[in-house]
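Okay, here's what each chain looks like letter by letter:
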Amino acid sequence: MSTFQIVITVFLVYACTFGISDFKKLDRWMRSKIGNFRGVDLLTEQDKYVMEKQKNPKYIAKKYRISSIIHLLLFLFVQIIFLSYSLNHFDQVQYYLTDLSWIGTENVEETPYANDSLYRISMIWGLIFIVDFIYSWSYTVFPSK
């Protein structure tokens, strides 16, 4: 698997799961703007309620906390599967978790993963996970007024 295929797969998984709510949010926003432009109200009362709720900082922070915890659990679950497939003993897992010098290496034999594809998936997902986790919790640590 190439890096491009991994990125496209991740995008498709996102679009089919969490991305659906983003597309609905975009749809409501577009109907609001088009309705204002045409002088017609294209939004339902439910749409207006949802749009107002999505402006609430406490709601936003809670939503992002929940999604970050789900992402954490999913990431850990898949990493456990990858490591159990790649390593023979728990002692090896403990060694790789305490000595992180293998992260970012080009030589797959120095990593705990069985092949290059698992290593690349883990590194790309790890980077995405770190950025997503920091971004998600920023709404809790630094809430908007």
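Attention in this report is confined to the structure presented alongside it. (Residues numbered from 1 in each chain as written. Predicted model: local features only at pLDDT ≥ 70, side-chain atom pairs only at ≥ 80, totals over all residues. Heavy atoms only, no water.)

According to the stated counting rule, one finds five salt bridges in the structure shown. One salt bridge in this structure joins aspartate 27 and arginine 31, with 3.1 Å as the shortest N-O distance. Of the two residues, aspartate 27 and arginine 31 are both situated in helix α2 (residues 19–38); the distance of four residues between them amounts to about one turn of the helix. With a closest N to O distance of 2.9 Å, aspartate 47 and arginine 31 form a salt bridge. Taken together, the residues aspartate 47 in helix α3 (residues 45–53) and arginine 31 in helix α2 connect sequence positions 16 residues apart. (Salt bridge = Lys/Arg side-chain N within 4 Å of Asp/Glu carboxyl O. Helix = DSSP H or I, 4+ residues; strand = E, 2+ residues; numbered from the N terminus.)

Positionally, threonine 111 belongs in the loop between α5 (90–98) and α6 (116–141). If sequence neighbours within four positions are ignored, threonine 111 has contacts with Tyr96, Trp102, Thr105 and Tyr119. (Contact = heavy atoms within 4.5 Å.)

A few words on the packing of aromatic side chains. Inspection of every chain in the model, using the stated rule, returns 11 aromatic pairs. Counting every residue linked through ring pairs, the aromatic cluster contains Phe75, Trp125, Phe129, Phe133 and Trp137. Lysine 63 extends its terminal NZ or CZ atom over the ring of tyrosine 64, reaching a point 5.3 Å from the ring centre. (Phe/Tyr/Trp six-rings, centres within 6.5 Å; stacked < 30°, edge-to-face > 60°. Lys NZ or Arg CZ within 6 Å of the ring centre and 35° of its normal.)

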